[in-house]
Amino acid sequence: MARIVVNHRGPECRTAIGETQEMIRPILGTTNHVLFFASSGTGVMEAALVNVVGPGSRILVIEHGQFGERFTTIAKAMNITVDTVAIEWGQAIDVAAVGARLREHAYRAVVVVHNESSTGIVADLAALGALVCDRPTLLIADSVSGLGGIEMRQDEWGVDIVVSASQKALMCPPGLAHASVSAKAWRVIGQDERRSTFYWDFRRALKSAEQNETAFTAPVSLIYGLREALTMIHEEGFPNVLVRHRKLSAALRAGGAALGLADFCRDEPRSSTVVVFKVPDGLEGGAIVRQLYQDHRTVIAGARNRLSGRVIRFGTMGALSTGTILTDLLHLEDALTKLGLQIEPGAGLKAATEYLAATA
Ligand code: PLP
């Protein structure tokens, strides 16, 4: 990323975009062209809707956490009619309830967050894809915090639009987002010549992607960064990357449990890229976050939503190793002890190492 910034219409940048395209497709499980935008994740959430759902159309948003609610907010701002399937946070998506709603109305799209960063629950995209495959309804998935760290098989599962961004399991700085669009979604896009967007128009983005360019000035350094991150993922082997995330997040859960922290998720599938713990009674999540940062420069997250103060969240994504997890658990034990919890010294570390030894 520290290389000289080349002309974004020149051959070096086209090579970088082409190689990035090639390497991200297996991570998405698709043969689609991937459309890159200089944007954060929220931008491409909006882009997905504006390209296939006109004002007045009706969509079904599955809300199983904060980012599902964001999809609803975005859609309402666009004058889209939104129905929701509200799932209790921390519980798995009720696929049968979604199916029942689809029988009531021919929705333009079902919209879902693949990896709910606020709760740690993963959506069963294969089951949701099976619900829409014989209907005109599209399936739109936000995999901002999942892609690269948990499995995505876009084509096989029948996900019509997947949006994601550079800064989570793809291990880059923020600012480069992308969308992968199925043939079914392209047919919907092609039916309607009017689009109330200019920057986000997928048709223009596709024309550029076919030339290994972006429609507007490419964030060249971020593309170099993403190409390198994808190279690292493929050098390790993507299946190995998935196993590493699964094992280490489970080891962190085991260690957290031994420290007295209950998993916020009550159901499977649980995320491998974010681990969400309930804050023990008598403590406040922000205090744990601050203690970890102040004493150890360990950065974790609390919640900026209805769970504020009640959960703490560990990112377990990207370049993470056994060492990271074990160090986090030591620091967590120290922070919780200082905040007054009675913990058997080394309990978290012991549980995590035992888990790792048992699954080696
Ligand atoms: N979707 C999910 C699941 C996220 O975790 C986030 C950010 O944390 C977003 C969307 C929004 O992405 P951004 O902050 O890049 O706009």
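Structure: see above.
Before going into details, it helps to say that this report is about the structure given with it. What you are looking at is a predicted structure, and each value in this text was computed from that prediction instead of being measured.

Cut-offs used in this document
Residues numbered from 1 in each chain as written. Predicted model: local features only at pLDDT ≥ 70, side-chain atom pairs only at ≥ 80, totals over all residues. Heavy atoms only, no water. 1 Å grid on protein atoms, 1.4 Å probe; cavity = no way out; pocket = protein on both sides within 12 Å on 5 of 7 lines; lining within 4 Å. Points joined across faces, edges and corners; volume = space filled by probe spheres on them. Helix = DSSP H or I, 4+ residues; strand = E, 2+ residues; numbered from the N terminus. Buried < 20%, exposed > 50% of the residue type's maximum accessible area, 1.4 Å probe, protein only. Arc of directions from axis to C-beta. Near = heavy atom within 4 Å. Polar contact = N/O pair within 3.5 Å; in protein donor to acceptor, adjacent residues only side chain to side chain. Areas by Shrake-Rupley, 256 points an atom, 1.4 Å probe, with all protein chains shown as cover. Sits in = over half its atoms within 2 Å of the grid points. Nonpolar A, V, L, I, M, F, W, Y, C, P; charged D, E, K, R; others polar.

Scanning the model with the defined rule gives two cavities of 30 Å³ or more in all. Roughly 70 Å³ of volume is contained in the largest cavity. In terms of lining, the largest cavity is formed by F36, F37, A38, Y199, A205, T214, A215, F216, T217 and P219. No other element matches strand 1 (residues 34–38), which puts three residues into the lining of the largest cavity.

We now examine helix 7 (residues 183–191). Within the span of helix 7, buried status applies to K184, A185, V188 and I189. Down the axis, helix 7 shows its buried residues gathered within 140° of arc, on one side only. Seen from the open side of helix 7, the exposed residues pointing more than 90 degrees away from its buried face are R187 and Q191.

Around the ligand sit 14 residues in total, of which S40, T42, S117, D142 and K168 are the nearest. Contact between the ligand and S40: an oxygen atom at 2.6 Å from a side-chain N or O atom of the residue. At 2.5 Å, a side-chain N or O of T42 approaches an oxygen atom of the ligand. Out of a free accessible area of 390 Å², the ligand has 86% covered by protein chains. The cavity where the ligand resides is the largest pocket. Secondary-structure elements contributing two or more residues to the shell around the ligand are helix 2 (41–52) and helix 3 (66–77). A per-element tally of the shell around the ligand places helix 2 first, with three residues. Tallied by class, the residues present in the shell around the ligand amount to four nonpolar, seven polar and three charged.

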